[in-house]
Amino acid sequence: MAAEVIYGKQLAEDLRLEMKEEIAELSKEGVHPKLVVVIVGEDPASKSYVKGKQRASEKIGMASDLIELSAETSEDELLHIINQLNEDKAVHGILVQLPLPQQIDEQNVIEAIDPSKDVDGFHPINAGRMLTGQETFYPCTPFGILVMLKRAEVSIEGKHVVIIGRSNLVGKPVGQLLLNEHATVTHCHSRTKNLREHTKRADILIVAAGKAGLITGEDITEGTVVIDVGVNRVDGKLTGDVDFESAKEKASYITPVPKGVGPMTITMLLHNTIKAAKWIDQK
Ligand code: NAP
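Described in the following lines is the structure provided in the data block. Here the structure is a predicted model, which is why all the values come from computation and not from measurement.

Quick notes on the overall build of the protein
A tally of regular secondary structure across the protein gives 10 helices and 11 strands. Relative to the 2.2 N^0.38 estimate, which gives 19 Å for 283 residues, the radius of gyration of the protein is 19 Å and therefore close to what a compact globule would have. A principal-axis box enclosing the C-alpha atoms of the protein has dimensions of 55 × 45 × 35 Å. Looking at the protein residue by residue over its 283 residues, the buried ones come to 48%. Within the protein, contacts between residues at least 6 apart in sequence are counted, and of these 69% link residues at least 24 apart. With the model as given, the accessible surface of the protein reaches about 13900 Å², and the carbon-plus-sulfur share is 50%. Taking the average place of the 32 positive charges on the side chains of the protein and the average place of its 41 negative ones, the gap between the two points comes to 3 Å.

Regarding a nonpolar patch on the surface
Residues Tyr-49, Val-231 and Leu-238 make up a contiguous nonpolar surface patch of about 270 Å² in total accessible area. Along the polypeptide, Tyr-49 turns up in helix 2 (residues 44–59).

Considerations on the nonpolar core
Soluble, globular proteins show a tendency: their nonpolar side chains are buried together. Ile-145, Leu-149, Leu-178, Ile-206, Ile-227, Val-229 and Met-264 are the most contacted members of the largest nonpolar core, which totals 53 residues. Among the nonpolar cores identified, the runner-up in size contains 16 residues, and Val-36, Val-40, Leu-79 and Val-91 belong to it.

Description of the packing of aromatic side chains
Counting across every chain of the model gives 2 aromatic pairs. Aromatic pair Phe-137 and Trp-279: ring centres 5.1 Å apart, planes at 50°, arrangement tilted. Of this pair, Phe-137 sits in the loop between helix 5 (124–131) and helix 6 (140–151) while Trp-279 is found in helix 10 (residues 262–282), placing the two residues 142 residues apart along the sequence. The exposure class assigned to Phe-137 is buried, which follows from its relative accessible area of 0%. Ring centres 5.3 Å apart and planes at 80° place the aromatic pair Tyr-138 and Phe-143 in the edge-to-face group. For the pair shown, Tyr-138 and Phe-143 are each scored as buried. Note that Lys-275 overlies the ring of Tyr-138, its terminal NZ or CZ placed 5.6 Å from the centroid.

Describing helix 3 (residues 75–87)
Taking 1.5 Å of rise per residue, 13 residues should cover 18 Å, and helix 3 covers 18 Å from first to last C-alpha, within 8% of that figure. Buried residues of helix 3: Glu-75, Leu-78, Leu-79, Ile-81, Ile-82, Leu-85 and Asn-86, and no others. The buried residues of helix 3 occupy an angular sector of 160° when projected down its axis, which confines them to one face. Among the exposed residues of helix 3, those pointing more than 90 degrees away from its buried face are Asp-76 and Glu-87. For helix 3, the elements touching its buried residues are strand 2 (34–40), strand 3 (63–69), strand 4 (93–96) and helix 4 (106–112).

A few points about the packing of helix 6 against helix 7 (residues 171–180)
Their axes nearest at 8 Å, the elements helix 6 and helix 7 cross at an angle of 40°. One finds that helix 6 runs oblique with respect to helix 7. When the axes of helix 6 and helix 7 are compared, the crossing they make is right-handed. Note on element contacts: helix 7 touches helix 6 through Pro-173, Val-174, Leu-177 and Leu-178, opposite Pro-142, Phe-143, Ile-145, Leu-146 and Leu-149.

Considering the sheet that holds strand 8 (residues 225–228)
Backbone hydrogen bonds are what pair the strands of a sheet, in a parallel or an antiparallel way. Pairing is parallel across the open sheet formed by 6 strands, whose spatial order is 1-11-8-7-5-6. Edge positions in the sheet fall to strand 1 (4–5) and strand 6 (184–188), since each has one partner strand and no second. Two strands pair when backbone bridges link them, and strand 5 (residues 160–164) and strand 7 (residues 204–207) are joined in this way by 4 bridges, in the parallel orientation. Across the sheet, Val-161 pairs through a bridge with Ile-204, a residue of strand 7. Where helix 7 meets the sheet, its contacts fall on strand 5, strand 6 and strand 7, and the angle it forms with strand 6 comes to roughly 170°.

Parameters at a glance
- Residues numbered from 1 in each chain as written.
- Predicted model: local features only at pLDDT ≥ 70, side-chain atom pairs only at ≥ 80, totals over all residues.
- Heavy atoms only, no water.
- Helix = DSSP H or I, 4+ residues; strand = E, 2+ residues; numbered from the N terminus.
- Rg over C-alpha atoms; globule rule 2.2 N^0.38 Å.
- Buried < 20%, exposed > 50% of the residue type's maximum accessible area, 1.4 Å probe, protein only.
- Contact = heavy atoms within 4.5 Å.
- Areas by Shrake-Rupley, 256 points an atom, 1.4 Å probe, with all protein chains shown as cover.
- Lys, Arg positive; Asp, Glu negative; His and termini not counted.
- Charge placed at Lys NZ, Arg CZ, Asp CG, Glu CD.
- Patch = residues over 30% accessible without salt bridge, like charges linked within 9 Å, V, L, I, M, F, W, Y side chains within 5 Å.
- Salt bridge = Lys/Arg side-chain N within 4 Å of Asp/Glu carboxyl O.
- Core = buried A, V, L, I, M, F, W, Y, C linked by side-chain atoms within 4.5 Å.
- Phe/Tyr/Trp six-rings, centres within 6.5 Å; stacked < 30°, edge-to-face > 60°.
- Lys NZ or Arg CZ within 6 Å of the ring centre and 35° of its normal.
- Expected span 1.5 Å × (residues − 1).
- Arc of directions from axis to C-beta.
- Axes fitted to C-alpha atoms, helices over the stretch in contact; angles between N-to-C directions.
- Parallel < 35°, antiparallel > 145°, perpendicular 65-115°, else oblique.
- Left-handed = near helix turned anticlockwise from the far one by under 90°.
- Pairing = 2+ DSSP bridges.

Have a look at this one:
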């Protein structure tokens, strides 16, 4: 039986409508959530991501600023700007688009952002809070995946989740979030032996390797829930890490690329910014 396709795009639109109403309500109380995105350099993919983030925030009535810095910007200059944004009471969320040019240490930048404005959820304090099961900003892509699974009413508790990937951005945090939801979690990576033995044992398979076509229908068992996080460009076309056509014949649920996980990432960024504004307002 062919899988049910989970369209993150539709869910993202529904959630953004709810957020638009929430922002209108908050503004009546004098709270105006504001996101500032900082981009360093001219990378076309990064530029297109930040434009998407800005458009999405404007559409729901969220204030947003874009700070564009030259590729030659020094680490000190960037840290100075982050300090100013940390101090600015009108700013609730700060996002520095990664990757950064070579002369800037990404970890220093991540750690310079005030954890209460870290809407990407990458600061070690927020990562630690998530690790210890506390309420915090969760990284947007993993959080989006969790929300997709919940909205599709996929049960997580006691299920075996196999994740291909162990990056700080996607693999590790999505594993942590699902462990917090009582899943049994296996992480696979480039040194994993006999990958298929692991993927075949998954109730939920999350593929975040950045390798087009890594997983096909042959790698899964009947009824697996397949979440494809990969974004690859093959012959000018966007494609995921999963061969959608063969996998959908066996999966119970599957996400497409595009229109799957991607739109949820920006949506959770907006969610985190609203959360930051509410937290700061309560202080
Ligand atoms: P990453 O930092 O390159 O990590 C890739 C992970 O996959 C690593 O842990 C790597 O193992 C593992 N891996 C690579 N090839 C493998 C293979 N053949 N077999 C098993 N494991 C393998 O990438 P990332 O930042 O996590 O992103 C992963 C993918 O998701 C990319 O395509 C990225 O574009 C996409 N992405 C999408 C969104 C979205 O919103 N849709 C957001 C973020 C990322 P090692 O650790 O051993 O190297």
